[in-house]
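Survey of secondary and tertiary structure
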Amino acid sequence: MRGIAILGSTGSIGRQAIDVLSLHPDRFFVTALTAHRNAALLFDQVRLLRPRLAALTGMDHAPIPADLSFCEFRFGPRALEEVAAQAEGSDVLAAVVGVAGLKSVMAARKADKRVLLANKETLVAGGEMVMNACPPGTLLPVDSEHSAIFQCLQGAGPNRYEKILLTASGGPFRTWEKDQIAAATVTQALGHPTWNMGAKITVDSASMFNKALEIIEAKWLFDAYPEQIQVVVHPQSIVHSAVQFKDGAVIAQLGSPDMKVPILYAMSYPERLETGARELDLFQLRQLTFEKPDTEKFPAIGMAYDALRAGGAAACVLNAANETACYAFLREEIPFGRIAGVVAGALQKYGSLPARDLADIDRADALAREEAGRLIHKN
Ligand code: NDP
Ligand code: MG
C-alpha cells in the first residue's frame, strides 16, 4: 500500500487523482488533502477518504464539521509545507497551481518523500534548486507530455535521446489571426478544444505560455539542451510526446487525452494499472496532423528558449509575470494580447537576476510580479 498526500485535491488534477486512486483501494490510501478556499469540497473529500491530516491554505480559520474530528485541520499558506513534510506515507502529489507550490515540493523532498509533479510552475521557477533536491527516482512527472517522454525513455536502455518532440494541441486560437487573438475574451480563452483543466492552465494553453513552461519543465526533467526540445503542434492530442534517437528511431506515447493515465502512471510506476480511460481506437482516428508552432502569433515559445539560454532567474521571472498577467486577464484588467508584452517587459527588467537559492528565487518572483503589476496598470 502506498500512502499519498494530495496537495491541491480540490482542483482538476486533484479530483481526477482521487477518482483514479479510488479504483485501486488495495494499492493506495490518502494520507492528507489540501485545498485553498474550497472548504465544502475538501470536507466531502475528507469524509470519503478519511486522511489524518488536511489543510485550507487560503483561510485562517473555518468551522470543522463534527463528524470530521478524526482529521487534524491546519490553516494558512505555511500549512502546505507542513502537510508536504508531515503527512504519513511515501508520496506527495503536487497539484496546486502556481509557484505557491514551490516550498511544499522542497519540504516534501527534505522529508524524503517521492514527489509526483503536476505543479509545473514550481520546476520552472525553481529549476536547478529543485533538481538538486531530487535524485533519480524521486521526482515523477504528471504533466501529460513529460509523462509521455518519461514513458518513451523507459525503452531507451543506455542510449541518450537526440531530440524531444514536445507536442502541443495549439489551443483554441491555433487557427486565428493575430489581431483576433489579441482581442480574445475570457470565455473564448477558457474554451480548450481537447483538455478540461483549471482556469490558469487553460488560459496558458491559449497563449501557449503553457508550452513555454513545458519547454523549461522538459529541460530540467530530462537534462536537455534548449536545441534538443522541438515543439510540435498536434491538434488531436493523441500523441502525447515523442523522443528521437540517433539511429533515426522515434518512440512516441499515444492515448486518448485523459489526465488519469499520467496521474496513475506516476502513482503506480513502474507498474501500469487500470484507469478507466477510453481505449484508443486507431480505426476511428481519421488523421493525426503535425505542424510547426507559429512563434510570431505565439511569442511565448521564443521567450521560453530565451529564458533557458539566459539561465539564472529568467524562467522564474517569466513564470511570475505570466501568473500575474494571466490572472489580470481573467479579471478582465488587460486584453489577451497584452499577456505576452507584460511577460516580455518583466523579463527585460529582471531577466538577468540570479537564482542560487530560495531567497534569490523569492526575490526574482516578487520583483517580476511588481513589474508585471506596474505594466498592467500603466494604461
Ligand atoms: P486548479 O485550479 O483546478 O486547482 C488548483 C488546486 O490548488 C486547487 O485545489 C486549489 O484549491 C489549490 N490552490 C489554488 N491556489 C493555491 C495557493 N495559492 N496555494 C495552495 N493551493 C492553491 O488547477 P489544475 O488542477 O488545473 O492544475 C494544477 C497544476 O497542475 C498546475 O500547475 C497545472 O499547470 C498542472 N497541470 C494541470 C493539468 C490539468 O489537466 N488540469 C495538466 C497538466 C498539468 P481551491 O479549489 O480551494 O481553490
Ligand atoms: Mg501538459
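To keep things clear, this report deals only with the structure shown in the data block. Predicted model only: the values in this text are computed from it and were never measured. (Residues numbered from 1 in each chain as written. Chains lettered and ligands numbered in written order. Predicted model: local features only at pLDDT ≥ 70, side-chain atom pairs only at ≥ 80, totals over all residues. Heavy atoms only, no water.)

**Focus on the coordination of the magnesium ion (ligand 2)**
For the magnesium ion (ligand 2), the full set of protein donor atoms is Asp143 (OD), Glu145 (OE) and Glu214 (OE), at a range of 2.0 to 2.2 Å. Sequence positions of the donors to the magnesium ion (ligand 2) reduce to the motif D-x1-E-x68-E. Taken together, the residues Asp143 in the loop between β7 (139–141) and α6 (144–153) and Glu214 in helix α10 (residues 209–222) connect sequence positions 71 residues apart. (Donors = N, O, S within 2.8 Å, 3.2 Å for Na, K, Ca; no water. Helix = DSSP H or I, 4+ residues; strand = E, 2+ residues; numbered from the N terminus.)

**Brief notes about the nonpolar core**
One recurring pattern in soluble globular proteins is that nonpolar side chains are buried together. The biggest cluster of nonpolar side chains holds 132 residues, and the ones touching the most others in it are Ile6, Leu93, Phe209, Ile215, Met267 and Phe336. Ranked by the residues each element gives to this core, the list is headed by helix α13 (residues 314–330), at eleven residues. Ile6 has contacts with Gly14, Ala17, Ile18, Leu21, Val30, Ala32, Leu33, Thr34 and Leu93, leaving out every residue within four places of it along the chain. (Core = buried A, V, L, I, M, F, W, Y, C linked by side-chain atoms within 4.5 Å. Buried < 20%, exposed > 50% of the residue type's maximum accessible area, 1.4 Å probe, protein only. Contact = heavy atoms within 4.5 Å.)

**Concerning the pairing of strand β6 (residues 114–117)**
A regular strand places its side chains so that they alternate between the two faces of the sheet. Side chains Arg114 and Leu116 of β6 all project onto a buried face; the interleaved residues Val115 and Leu117 project onto the opposite face, where all are buried too. Where strand β5 (residues 91–94) lies against β6, four bridges are found, and the strand directions are parallel. What sits directly across from Leu93, in β6, is Leu116. A crossover connection joins β5 to the parallel β6 through helix α4 (residues 102–110); in handedness this β-α-β unit is right-handed. Bridge count for β6 against β7 is three bridges, and the pairing is parallel. By the bridge assignment for β7, Leu116 is matched with Leu140. (Pairing = 2+ DSSP bridges. Right-handed = clockwise from strand over helix to strand, strands pointing away.)

**Remarks on the packing of aromatic side chains**
The geometry of an aromatic ring pair is captured by the separation of the ring centres together with the interplanar angle, meaning the angle of the planes. This model, assessed by the stated rule, comprises seven aromatic pairs. Aromatic side chains Tyr265 and Tyr269 sit 5.7 Å apart centroid to centroid with 75° between the ring planes, which places their arrangement in the edge-to-face category. Summarising the aromatic geometry, the rings of Phe329 and Phe336 are spaced 5.2 Å apart at their centres and angled 75° between planes, so their arrangement reads as edge-to-face. Residue classification places Phe329 among the buried residues on the basis of a relative accessible area of 2%. (Phe/Tyr/Trp six-rings, centres within 6.5 Å; stacked < 30°, edge-to-face > 60°.)

**A few points about the site of ligand 1**
Neighbouring ligand 1 are 24 residues, the closest being Thr10, His36, Arg37, Asn38 and Glu121. A distance of 2.8 Å is found between an oxygen atom of ligand 1 and a backbone nitrogen or oxygen belonging to Asn38. Computed on the free molecule, ligand 1 has an accessible area of 900 Å², of which 85% lies beneath the protein chains in the complex. Where the shell around ligand 1 is concerned, the elements lending two or more residues are α1 (12–21) and α5 (120–132). (Near = heavy atom within 4 Å. Polar contact = N/O pair within 3.5 Å; in protein donor to acceptor, adjacent residues only side chain to side chain. Areas by Shrake-Rupley, 256 points an atom, 1.4 Å probe, with all protein chains shown as cover.)

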